[in-house]
Amino acid sequence: MSSINIKEDDLSVEEVQRETGDKSYPIWLLVNPKHPAVRHNIWAPVLSEIQDKVYRDLHTRVDTANIYTRKVVSDSRIIPNTLNWWGTELAKEIELFREIVVEYQPKILISFGSFPFEFVRRVYEIYPEKGPKFWGTSNLGDEFGKAIENFDITKTNRIPLLRRVVKSGRFIEDHNYYGENYFQYVGKKIAEQIIENKDNLKIWIE
């Protein structure tokens, strides 16, 4: 499956919003405000694969209208880089998001790329803290595998997806998908957990 690449500067005014959806919905998406196109370029094809498998197995679909989507930070200028790693401004953002996840307890928290994933780790106080270069394609792929393997519906499952997928990228070469592309692989794995826990997830179209 291929996806349509949308440039960051081609997005509508809707992308300016900090958050959309319903916090009480079990599935959350956490995006880097510098890269809002991941919802189109990554999440859309992954969701398509999820819906395909769910429909084949359960003959229903996930109701996606209320998926809660949030930008990691309200101001993209405080996003850390190699010269200014994790400035003090982020402490308030971490505490704010920690309060929200504690209150609403999402079941599936999907992040896109390195910064959102490390942000989530710090929200949940997972150590050791990592630098901006650590969460490359391969390491994020490994963390995705661990998240699926250790999936527990009684907790918030933190599932990292890549921010960008290059068809000939090392991630796909290094991880044998048995003929599947990245979207098919991760979509199927997430769908399997959703199907297995279908009775504990209020996400279905009625």
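Up top you'll find the structure we're talking about.
Here the structure is a predicted model, which is why all the values come from computation and not from measurement.

## Considering helix α3 (residues 114–123)
Then, number 1: Of all 10 residues making up α3, nine are buried, and the element is well covered by its neighbours.
Then, number 2: Inspection of α3 places F115, P116, F117, E118, F119, V120, R121, R122 and V123 among the buried residues, and these make up the whole buried set.
Then, number 3: Buried residues along α3 sit in contact with β2 (27–31), α2 (89–104), β4 (108–112), α4 (137–149) and β5 (157–161).
Then, number 4: Of the residues trailing α3, E125 is marked for its positive phi of about 55 degrees.

## What about the side chain of E118?
Then, number 1: Relative to the elements of secondary structure, E118 occurs in helix α3.
Then, number 2: Judged by relative accessible area, E118 falls into the buried class, the value being 1%.
Then, number 3: One polar contact links the side chain of E118 to the main-chain amide nitrogen of K130, over a distance of 3.1 Å.
Then, number 4: Setting aside anything within four residues of it in sequence, one finds E118 in contact with W85, W86, E129, K130 and W135.

## Notes on the packing of aromatic side chains
Then, number 1: Applying the stated criterion across every chain yields a total of nine aromatic pairs.
Then, number 2: For the ring pair W28 and Y68, a centre distance of 4.7 Å and an interplane angle of 65 degrees mean the geometry is edge-to-face. With W28 in strand β2 and Y68 in strand β3 (residues 68–71), the pair connects residues that are 40 residues apart, well separated along the chain. The same class applies to W28 and to Y68, which are both buried.
Then, number 3: Measuring from ring centre to ring centre gives 4.7 Å for F134 and W135, while their planes differ by 85 degrees; the resulting arrangement is edge-to-face.

## Re α4
Then, number 1: Between its first and last C-alpha atoms α4 spans 19 Å; for 13 residues at 1.5 Å apiece the expected length is 18 Å, and the two agree.
Then, number 2: Taken together, the buried positions of α4 are L140, G141, E143, F144, A147 and I148. The buried residues of α4 occupy an angular sector of 160 degrees when the element is viewed end-on, so they sit on one face.

## Section: the nonpolar core
Note on soluble globular proteins: their nonpolar side chains tend to be buried together.
Then, number 1: Residues L161 and I190 are the most contacted members of the largest nonpolar core, which totals 37 residues.
Then, number 2: For this core, the elements supplying multiple residues, two or more each, are β2, α1 (38–58), β4, α4, β5 and α6 (182–196).
Then, number 3: The next biggest cluster of nonpolar side chains, apart from the first, holds 18 residues, and it includes W28, V72, V73 and I79.

Criteria and cut-off values
- Residues numbered from 1 in each chain as written.
- Predicted model: local features only at pLDDT ≥ 70, side-chain atom pairs only at ≥ 80, totals over all residues.
- Heavy atoms only, no water.
- Buried < 20%, exposed > 50% of the residue type's maximum accessible area, 1.4 Å probe, protein only.
- Helix = DSSP H or I, 4+ residues; strand = E, 2+ residues; numbered from the N terminus.
- Contact = heavy atoms within 4.5 Å.
- Polar contact = N/O pair within 3.5 Å; in protein donor to acceptor, adjacent residues only side chain to side chain.
- Phe/Tyr/Trp six-rings, centres within 6.5 Å; stacked < 30°, edge-to-face > 60°.
- Expected span 1.5 Å × (residues − 1).
- Arc of directions from axis to C-beta.
- Core = buried A, V, L, I, M, F, W, Y, C linked by side-chain atoms within 4.5 Å.

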